[in-house]
Amino acid sequence: MSAERSFHLGYSTITWGPTPDLDKVFGTIADAGWEGVEFISVSMDWLGTPRRLRGLLDQHGLPPVCLFGSVSLAPDAEQVLARQRRIIEYAAELGCPNYCFLGGNRVALRQPNDDEFKRLAEQAETLIDYAEPLGVKVTYHAHPRCTVESEEEQDKLLAYAERLQICMDVSVAAFMQEDAVAQIFKYRERIGYVHMKDWTQGKFCVMGQGTVGLDFAAIRAALEEIGYQGWVMGELSSYADTDADESCRANREFLRSVGY
C-alpha cells in the first residue's frame, strides 16, 4: 500500500483470458506498478495447486487478492454452490483474503422477483458461513445480465443478506447511469472490495478513455474520505479492444496521473 493513499491497488487477470502464461502475466502486472493480483475466469486446474501458484506470485512480489466465482438460481444451484465452496477452500489455502461472486443469470424480458432476491441472499449467507471460519471475506458483484444489475436491486439483496458486503464497481455504476461517487458514500459500511475500469461505445476500455463521465480523482477522494483500506482492482474485460499487456500498463499510468 502506498503511504499516500489508504487502500491497496491491484490488477485482474481477466484480460488475458482463461489460460494465460501466469509467470508472464505476473511480471507485467508487477512491472506496471500494481500491488496484487485478482483471478477471474481462470480455472483452478489451470492455476495448479495453491503452493505452486503462491510460489509464482512470490517470485514477483505480488500477493493474491481475490478469487472470483458465480452462483446460479437455476436447477443446478446446489451443484454450482458446491463448486463455490471449493473455490473458497482454494482461496484459503492460497492465503487469498477475498472471494467475490456474481449471478445468477438475468431472466430475459422481466425484472427479478422477490423470491429470486431471497434465494440469492440465502446463497450469499451460506457462502459467508463457509468462508468466515477459513478467513475469507465474501463480496457480491452487481453486474449487467445478472440478477442484480442496479443500485435499487442491490439494495433489495442487501436487505435480505445483512452480512454481505459488495464489490463496488465504478464502471458498472456509470454504465447503469448511476453516480459511482455517491454510491461509495452510501455503501461505505458495506464496501468490501472495489473494481475500477472505464466504459465507452458499448465496451469497457482503458481508464481515462471512457465516455460515461467517471471522475477517477473524485473516486479516489471518496474512498479516502470513508477510510477505505481494502483493495481497489484495476481491470479490463477480455472482450475489450486493447491488448492485455498494453492496457495493464496504460491503466496504471492513467491512475498515477490522477493521483493514485
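Up top is the structure.
Just so you know, the residues in each chain are numbered from 1, in the order the chain's sequence is written. Given that this is a predicted model, residues contribute local features only at a pLDDT of at least 70 and side-chain atom pairs are listed and counted only at 80 or more, while totals for whole chains, interfaces and linings are drawn from all residues. To get the side-chain values, take all heavy atoms of the structure and skip hydrogens and water.

1. So, the packing of helix α4 (residues 77-94) against helix α5 (residues 114-131)
Spelled out, the test is: A fitted line through C-alpha atoms serves as each axis, taken over the contacting stretch for helices, and the angle formed by two N-to-C directions is quoted from 0 to 180°. Think of it this way: any DSSP run of H or I at least four residues long counts as a helix, any run of E at least two long counts as a strand, and we number them from the N terminus. Roughly parallel covers angles under 35 degrees, roughly antiparallel covers those over 145, roughly perpendicular covers 65 to 115, and oblique covers all other angles. Handedness of each helix crossing follows the sense of rotation of the near helix against the far helix: counterclockwise by less than a right angle gives left-handed, clockwise gives right-handed. Contact between two residues is taken to exist if any of their heavy atoms lie within 4.5 Å; hydrogens are not considered. Just so you know the grouping, Ala, Val, Leu, Ile, Met, Phe, Trp, Tyr, Cys and Pro go in nonpolar, Asp, Glu, Lys and Arg go in charged, and all remaining residues, Gly too, go in polar.
Relative orientation of the contacting elements α4 and α5 amounts to 30°, with a least axis distance of 10 Å. Relative to α5, the element α4 lies roughly parallel. Viewed along their axes, α4 and α5 form a crossing whose handedness is right-handed. Contact residues: α4 offers Ala77, Leu81, Gln84, Arg85, Arg86, Ile88 and Glu89, while α5 offers Gln123, Thr126, Leu127, Tyr130 and Ala131. Its residues assigned to classes, the contact of α4 with α5 shows six nonpolar, three polar and three charged.

2. Considerations on the sheet that holds strand β1 (residues 8-12)
Which entries qualify depends on this criterion: When DSSP finds two or more bridges between two strands, those strands count as paired.
With parallel pairing, the eight strands of this closed barrel are ordered in space as β1-β2-β3-β4-β5-β6-β7-β10. Neighbour to neighbour, the strand axes of the sheet diverge by 30° on average, direction disregarded. Examined bridge by bridge, strand β3 (residues 64-71) and strand β4 (residues 98-103) share six bridges and lie parallel to one another. Bridge pairing in β4 links Ser70 to Leu102. On the sheet, α5 packs against β3, β4 and β5 (137-140) and is oriented at approximately 165° with respect to β4.

3. Focus: the pattern of salt bridges
The condition is simple: Salt bridges, as used here, are contacts in which a Lys or Arg side-chain nitrogen is within 4 Å of a carboxyl oxygen on Asp or Glu. Only protein chains enter the accessibility calculation, which uses a 1.4 Å probe. A residue is then buried if its area is under 20% of the maximum for its type, exposed if over 50%, and partly exposed in between.
Tallied over the full model, the rule gives 18 salt bridges. The residue Glu89 makes a salt bridge to Arg86 at a minimum N-O spacing of 2.8 Å. You can see Glu89 and its partner Arg86 sitting in helix α4, three residues apart, about one turn around the helix. Overall, the relative accessible area of 38% leaves Arg86 in the partly exposed class. Put simply, Arg220 and Glu224 hold a salt bridge, and the shortest N to O gap is 3.4 Å. Here Glu224 and Arg220 lie together in helix α9 (residues 216-225), a separation of four residues that amounts to about one turn. Look at the salt bridges and you will find they share partners, linking Glu125, Asp129, Glu132 and Arg163 into a network.

4. Observations regarding the pairing of β3
To be explicit about the condition: Every crossover in which the path from the first strand over the helix to the second runs clockwise, viewed with the strands pointing away from the viewer, is termed right-handed.
Where burial is concerned, most of β3 is hidden: seven out of the eight residues are buried. For strand β2 (residues 37-39) and β3, the ladder comprises three bridges, and the chain directions are parallel. Bridge assignment links Val37 to a residue of β3, and that residue is Pro64. In this view, the connection linking β3 to its parallel neighbour β4 by way of α4 has right-handed handedness.

5. A closer look at the pairing of β4
The two faces of a sheet get side chains in turn, since along a regular strand they alternate between them. Of all six residues in β4, five are buried; the element is thus mostly enclosed. As paired elements, β4 and β5 share four bridges and run parallel to each other. Paired with Phe101 across the strands is Tyr140, a residue of β5. Read from β4 through α5 to β5, the crossover connection turns out right-handed.

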